[in-house]
Amino acid sequence: MDIVEVEEDASTAQGEGPAAGEPVREPHPSDSLRTFGAFVQALREHAGLSRVDFANRVRYSKHTVASVELGRRMPDEAFVERAEEALGNTGALRKAARHLTRGEAGLAAWFRRWARLEREAVSLCTYECRLVPGLLQSEAYARAVFEGTVPLRTDEELETQLAARMDRQAMMRERPKVPFSFIVEEHVFRRRFGDARVMRELLDHVLERSAPRNITLQVIPLDAGLHACLDGPVQLLETSEGRRLGYSEGQKNGRLISDAKEVSVLCQRYDTLRSQALNPKESRDLLERLRGEL
């Protein structure tokens, strides 16, 4: 099997890896994010506002404000607009925000290469049996996942990872002609991670995200028995050149699978799994019933 370990930082992807024996580090934020963050901090301090005061005015947490000022979080449109109003409404932040580019902070070292590939893929398929797929997670669910990770993360690290996950989800909204397929085990949606309200929020989020015509969600019911993908979670994509690649993930590692024969086997398994799962309408009906039971 042609399996490439995806444990590299941004420089490794360019052929400039770390020195021998040097640990893989999280990539630095992009220069544009750092510059924008420093600009926000300077304007905030000039206005005599603490981070807490500013956070209250823009209606974001102080941790989010800190992540933006440190260049570790891509500010969304609402943040930019509220920051403008709080800091004089000069238009400077709106203009600066146009030049922002996403870095890769918050992504696990072994996932970065796949994350870059999926942004350019012409199709993406995901089978998951552990968690709700990252592209379908609500913010509360993603936060709970990160808060439960061992070793524990600082508040700043958690906010950075959460921002990266939410940024990845924008890909589905921004690429309405790209087909996204998800097949998820029913027990994943039954696993409780909070009270009834946050569980309903999760199911509402999944139903909303999977509603567009280019997104297909199928659920494997509890009584489906054995099926074709019992070896574990897998993701598959097709590049614009027509090449198919696979990705699998385990404890603290991930693998990019490029051998054509092995990827072909994974594609056959996924195609077989489609026929073993509920169809999209039945799957939505099941999620709506689960929501009604809460």
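Owing to the predicted nature of the structure, the values given are computational and were not obtained by experimental measurement.

*Asks:* I'm lost on the nonpolar core in this one. Help?
*Replies:* Soluble globular proteins tend to bury their nonpolar side chains together. Of all hydrophobic cores here, the largest spans 31 residues; its most connected members are Trp114, Val132, Phe180, Phe182, Phe189, Val206 and Leu287. Broken down by element, this core gets its largest block of residues, four residues, from helix H11 (residues 196–209). For Phe189, the contacting residues outside a window of four places in its chain are Val132, Val184, Met199, Leu203, Val206, Val219, Leu287 and Leu290. The next biggest cluster of nonpolar side chains, apart from the first, holds 18 residues, and it includes Leu49, Val80, Leu87 and Leu100.

*Asks:* Please clarify how helix H7 (residues 112–120) should be interpreted in this entry.
*Replies:* Counting along an α-helix, one turn takes 3.6 residues, and residues three or four places apart therefore face a common direction. Those residues of H7 that fall on the buried side of the exposure criterion are Arg112, Trp114, Ala115 and Glu118. Within H7, the buried residues cover an arc of 160° as seen down the axis, which keeps them to one side.

*Asks:* What's the story with the side chain of Ser283 in this structure? I'm lost.
*Replies:* Relative to the helices and strands, Ser283 resides in helix H13 (residues 280–293). Accessibility expressed as a relative area gives 0% for Ser283, which makes it buried. Residues within four places of Ser283 in sequence aside, it is in contact with Leu217, Gln218, Val219 and Leu278.

*Asks:* Honestly, the pattern of salt bridges in this entry has me stumped. Any pointers?
*Replies:* Pairing is possible between side chains of opposite charge, provided their charged atoms come close. Inspection of the entire model under this criterion finds 18 salt bridges. In this structure, Arg44 and Glu45 form a salt bridge, with 3.9 Å as the shortest nitrogen-oxygen distance. Looking at Arg44, the relative accessible area reads 6%, which means it is buried. By relative accessible area, which is 48% here, Glu45 ends up partly exposed. A network of salt bridges, in which partner residues are shared, links Arg44, Glu45, Arg51 and Glu69.

*Asks:* Help me understand the pairing of strand S4 (residues 215–220), please; the structure alone is not making it clear to me.
*Replies:* Side chains on a regular strand alternate between the two faces of the sheet. With five of six residues buried, S4 lies mostly within the body of the structure. Examined bridge by bridge, strand S3 (residues 180–185) and S4 share six bridges and lie parallel to one another. Bridging from a neighbouring strand, Glu185 pairs with Ile220 of S4.

Reading guide: rules and limits
Residues numbered from 1 in each chain as written. Predicted model: local features only at pLDDT ≥ 70, side-chain atom pairs only at ≥ 80, totals over all residues. Heavy atoms only, no water. Core = buried A, V, L, I, M, F, W, Y, C linked by side-chain atoms within 4.5 Å. Buried < 20%, exposed > 50% of the residue type's maximum accessible area, 1.4 Å probe, protein only. Helix = DSSP H or I, 4+ residues; strand = E, 2+ residues; numbered from the N terminus. Contact = heavy atoms within 4.5 Å. Arc of directions from axis to C-beta. Salt bridge = Lys/Arg side-chain N within 4 Å of Asp/Glu carboxyl O. Pairing = 2+ DSSP bridges.

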